[in-house]
Amino acid sequence: MQTSLSTFASEINSLPRMQIKITINGKTATAVLHDNPTSRDFVAQLPMTLELEDYNGKEKICLLANKLTSENAPKGHRPSIDELTYYKPWGNLALFYKEAAYANGLIAMGKIISGMEVLETNGSISATFELMH
C-alpha cells in the first residue's frame, strides 16, 4: 500500500516532541528538540543548571560535564538565530541568538520556539534546563 505525502507528513507531526524549558532569571524560554541521538543524550541528563557565557557576540555557550554522542550526526551545520546546538570538538552546548557561519562538528539539537529574548543579555547567565512533560 502506498502512503501519500500528506499522510506521511501528518504521521510525522503526530509524533511526540521533546520540549525543554530553559529558565533564566525567572524568565522562561521553550525549545523543541530534534529526534536525534545527540538530543536524546542531552535529555537523559536533564534537569541541569549551567553557566552560559557569551561567545563571539552570537551565542551563549557552556561546557557540559558529560560529552554527548555524535552518532549519525552530519559533518557540520550552519546554525540559525534560534537554534540549540552541540559543538562536538569542545563538548559544549551552544544557543545562538545571532547569525553564525557553518562549523564542522556542530550538531543541530533543536529550536527555541518562545522566550528567545532571555538569551539576549550581556555577559554570563545561569540557565536551568528541564524536560517538559
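Residues numbered from 1 in each chain as written. Predicted model: local features only at pLDDT ≥ 70, side-chain atom pairs only at ≥ 80, totals over all residues. Heavy atoms only, no water.

## Topic: the overall build of the protein chain
Working step 1: On a plain count of helices and strands, the protein chain comes out with two helices and 10 strands.
Working step 2: Burial status across the protein chain gives 41% buried among its 133 residues. (Helix = DSSP H or I, 4+ residues; strand = E, 2+ residues; numbered from the N terminus. Buried < 20%, exposed > 50% of the residue type's maximum accessible area, 1.4 Å probe, protein only.)

## Here we look at the sheet that holds strand β3 (residues 48-55)
Working step 1: With respect to topology, eight strands assemble into a closed barrel ordered β1-β2-β9-β6-β7-β4-β3-β10, the strand pairing being antiparallel. Strand after strand, the sheet turns through a mean of 35° between neighbouring axes, direction not considered.
Working step 2: Two strands pair when backbone bridges link them, and strand β1 (residues 18-24) and strand β2 (residues 27-33) are joined in this way by seven bridges, in the antiparallel orientation. Residue pairing across strands places T23 opposite T28, the latter belonging to β2. (Pairing = 2+ DSSP bridges. Axes fitted to C-alpha atoms, helices over the stretch in contact; angles between N-to-C directions.)

## Section: the packing of aromatic side chains
Working step 1: Inspection of the entire model under this criterion finds three aromatic pairs.
Working step 2: Here the aromatic rings of Y55 and W90 are separated by 5.6 Å at their centres, their planes lie at 90°, and the arrangement is edge-to-face. Taken together, the residues Y55 in strand β3 and W90 in the loop between β6 (83-87) and β7 (92-96) connect sequence positions 35 residues apart.
Working step 3: Between the aromatic rings of Y87 and W90, the centroid separation amounts to 5.2 Å while the plane-to-plane angle is 90°, which identifies the pairing as edge-to-face.
Working step 4: Looking at Y87, the relative accessible area reads 21%, which means it is partly exposed.
Working step 5: An aromatic cluster of three or more residues is present, and its members are Y55, Y87 and W90. (Phe/Tyr/Trp six-rings, centres within 6.5 Å; stacked < 30°, edge-to-face > 60°.)

## Quick notes on the nonpolar core
Working step 1: Counting residues in each nonpolar core, the largest one holds 30 residues, and the members touching the most others are I20, I22, F42, L93, L95, L119 and F129.
Working step 2: When contributions to this core are tallied by element, the ones reaching two or more residues are β1, β2, α2 (37-44), β3, β6, β7, β9 (106-114) and β10 (125-132).
Working step 3: Considering each element in turn, this core owes the most residues, four residues, to β1.
Working step 4: Residues within four places of L95 in sequence aside, it is in contact with I22, L52, K58, E59, K60, E83, L84, I112, L119 and F129. (Core = buried A, V, L, I, M, F, W, Y, C linked by side-chain atoms within 4.5 Å. Contact = heavy atoms within 4.5 Å.)

## A word on the side chain of T30
Working step 1: Within the element layout of this structure, T30 appears in strand β2.
Working step 2: If we ignore the near neighbours within four places in the chain, the residues touching T30 are Q19, I20, K111, I112, I113, S114 and M132.

## A short note on the side chain of E83
Working step 1: Tracing the chain through its elements places E83 in strand β6.
Working step 2: One buried charge, E83, has no salt-bridge partner; the nearest side chain with opposite charge is K111, at 4.4 Å.
Working step 3: There is a polar contact of 3.0 Å between the side chain of E83 and the side chain of H77.
Working step 4: Residues within four places of E83 in sequence aside, it is in contact with H34, H77, R78, A94, L95, F96, A108, G110 and K111. (Lys, Arg positive; Asp, Glu negative; His and termini not counted. Salt bridge = Lys/Arg side-chain N within 4 Å of Asp/Glu carboxyl O. Polar contact = N/O pair within 3.5 Å; in protein donor to acceptor, adjacent residues only side chain to side chain.)

## Re the pairing of β10
Working step 1: Judged from the six bridges that link them, β1 and β10 form a sheet pairing that is antiparallel. Looking across to β10, one finds that I22 is bridged to F129.
Working step 2: Two strands pair when backbone bridges link them, and β3 and β10 are joined in this way by five bridges, in the antiparallel orientation. If you follow E51 over to β10, its bridge partner there is S126.

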